[in-house]
Each structure stands twice: as structure tokens, then as C-alpha cells.
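Chain and residue survey
Residue strings, one per chain:
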Amino acid sequence: MLVELVRTTTKDGLRLDGALSVPVDNETLGVAVDAFVFLHGVGGSFYGGALFQKLQSAFLKLGSAVVRVNTRGHGSVSMIATTGGASRYGAAFEVVDQCRYDVRAWVDCLVERGYQRIGVVGHSLGAIKAVYAIALESHPSVVCVLAASPPRLSYAAFQNSPRSADHFSSIDAARAYVADGKPDQLFTASFPFPMLICAATYLDKYGPDERYHFLPLVSKLSVPTLFTYGQLELESGGVAFAGLPDAIQTAAANVPSIQVTTIPGADHFYTGKYGELATAMADWVRTELPPR
């Protein structure tokens, strides 16, 4: 599959890279989405991930272009070129709120190339970013969101989970570094999984402000949105995933354009179930966004 390496610059001056694929005209079905932006999960990148490879193929067959992109959170620790020189980002240092700049820059990049109706697709933290960015700053060219397995980032839920001791320990360590005037200090947090992260970023993502708890944002989504989850992650993923389909439906009680689908036998990464997820997403796009 041929791709074009592409680049965009966010409004705060970060240069981000990605790869654009376009459909072959005589092999496509045609839907009313000209192009999709794919947002990777925590520490991911545009060039990694078997899941997105399968989804990309399915969406190209729909007749839509696909751009797989880096956000400022790509990799664990990354140096990103900015208008002011190279700066340190990656999952260990990103401020998730700034994903709004990344998503808008990539959507604007597609609009500049002539694509008018754009969908935003994300997995895991990328799904949270898709919901967060579009719910808080809708873009006139975005016509849908597809959010695969966004976890519940809720301080209250974590503090009352079986692994609350790990959460307390990581929060306390991060607070101690910040209090000592070292917000950028890297440490290995044990919750929700072992990760290298700086103190300020950990508190921003997992602290009491619950800035990225996506459920309160569901009712603010003004475009058709599909949430998907794997059956296994819902059953064994702990408080980050337990009961989310019902919780989303409750949050979307007055928003009929929001749907939730569970993929039988799938884990958080849809291992061995890529095809099932791709089919579910493609069928939803054809149904919810038929050709004009």
C-alpha cells in the first residue's frame, strides 16, 4: 500500500508527522466521509499498530482517505520540533488537553487538501482525545467520531478500586515531586500500569480534577459517534472499563446519534478481532453517514 508522508503544524507551533493513504476509485463503495484521522493510543505512533492497519484497509474500501498521525504524545519520550526549537514531549510529558491543537491541525491539513467531510478515529487514549477535542472544540468539517475503547479516567473510581493502593502510591509520589519544585521529574508509576511519566503529567491525567473523564463530555458531542469495546476488557479490565456501555448510554440519553457496540471475545487491543471491529465500524459509517 502506497502512502504519502505528510506534516502539519499546530497553532502552538509543534510539527507533527503522519502518513496519508487514498482509496483506489474502482475498489470503493463510497460513503459521505471524505477522510478519516486516526489517533494512536498512549505512547503510540502513526507507523505502529496492527489494529489501525486493518481499520485503514476497511475505510479505504469505503472510499475514504485515511491519515494515520502522530500527536504530541507519540512515543514514551519524544523530541518534537517547534517554532521555538526542539521540545520534549511524548506520553511521559504531554498535557492531554493540548490534543485539541493536534486534532484541529490534522483536520485542517485534510481540509487544505480538499477533503470536506472528515471523521476522527481513536483507540484507547486516542479515543479519549477524539471525544475530548470534538466535544470541547467542534470543527465544521468533522462529521463523525469513532472511539475504540476509551477508558474511564476517574480519580474517584480509582480511589475505590481493588488497586487503590497503587493509585495512592503513584499520586503521592507525583505530588511529592511537584511540591519539591520538580514537576518534570520522571518516575515509574505503578498505576494503571507500570509507566515512565513525569509528575505533572501523572497528576494531570490521573489526579482529582478528572480532566479527561470522558463520560461528562458525551452529551456535548454534536456529531454521530460510535463507541466500541471488547467483551473481555469490559469483563476483566477493572474500574477503567466496567459498566461503560451502560454508562455511555445513560450519558447520551438525549443524544440519539451516539451508539455503543461490544465486540465479542475482544480484549482492549482487539487481538485476533481486528476484522470484527473493522466490520462493525464500516457498517456503522455506511448506516449513519450514507452518501449524499
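One can find the structure itself at the top, above this paragraph.
Not measured: the values here are computed from a predicted model. (Residues numbered from 1 in each chain as written. Predicted model: local features only at pLDDT ≥ 70, side-chain atom pairs only at ≥ 80, totals over all residues. Heavy atoms only, no water.)

1. What to know about the layout of surface pockets
- Roughly 750 Å³ of internal volume is contained in the largest pocket.
- Around the largest pocket, the lining comprises 35 residues; the ones closest to its centre are S124, F193, F241, H268 and F269.
- Elements with a contribution of two residues or more to the lining of the largest pocket: α1 (50-62), α3 (125-136) and α6 (199-206).
- Per-element accounting of the lining of the largest pocket gives the leading share, three residues, to α1.
- A breakdown of the residues in the lining of the largest pocket according to their chemical character gives 19 nonpolar, 13 polar and three charged. (1 Å grid on protein atoms, 1.4 Å probe; cavity = no way out; pocket = protein on both sides within 12 Å on 5 of 7 lines; lining within 4 Å. Points joined across faces, edges and corners; volume = space filled by probe spheres on them. Helix = DSSP H or I, 4+ residues; strand = E, 2+ residues; numbered from the N terminus. Nonpolar A, V, L, I, M, F, W, Y, C, P; charged D, E, K, R; others polar.)

2. Quick word on the packing of aromatic side chains
- If you walk through the whole model with that rule in mind, you get 12 aromatic pairs.
- Judged by centre distance (6.3 Å) and plane angle (45°), the rings of F158 and Y206 are tilted. Separated by 48 residues along the polypeptide, F158 in helix α4 (residues 155-159) and Y206 in helix α6 bring together distant segments of the chain. Side by side, F158 and Y206 carry an identical accessibility label, which is buried.
- For the pair Y177 and F187, a centre-to-centre distance of 6.0 Å together with 40° between the ring planes defines the contact as tilted. Separated by 10 residues along the polypeptide, Y177 in helix α5 (residues 164-179) and F187 in strand β9 (residues 186-189) bring together distant segments of the chain. (Phe/Tyr/Trp six-rings, centres within 6.5 Å; stacked < 30°, edge-to-face > 60°. Buried < 20%, exposed > 50% of the residue type's maximum accessible area, 1.4 Å probe, protein only.)

3. Quick look at the pairing of strand β10 (residues 195-198)
- As paired elements, β9 and β10 share four bridges and run antiparallel to each other. When the sheet's bridge partners are listed, A189 is paired in β10 with M195.
- In sequence, β9 turns back onto β10 through a hairpin of five residues. (Pairing = 2+ DSSP bridges.)

4. Section: the sheet that holds strand β4 (residues 65-69)
- If you trace the eight strands from one edge of the open sheet to the other, you get β1-β2-β4-β3-β7-β8-β11-β12, paired in mixed fashion. Two strands bound the open sheet, and with one partner strand each, they are β1 (4-9) and β12 (258-263). Across the sheet, the mean angle from the axis of one strand to that of its neighbour is 20°, orientation sign disregarded.
- Against the sheet, helix α2 (residues 99-112) engages β1, β2 (15-21), β3 (35-39), β4, β7 (118-123) and β8 (142-148), with an angle of about 125° to β1.
- Against the sheet, helix α8 (residues 244-251) contacts β11 (225-230) and β12, and its axis sits at roughly 170° relative to β12. (Axes fitted to C-alpha atoms, helices over the stretch in contact; angles between N-to-C directions. Contact = heavy atoms within 4.5 Å.)

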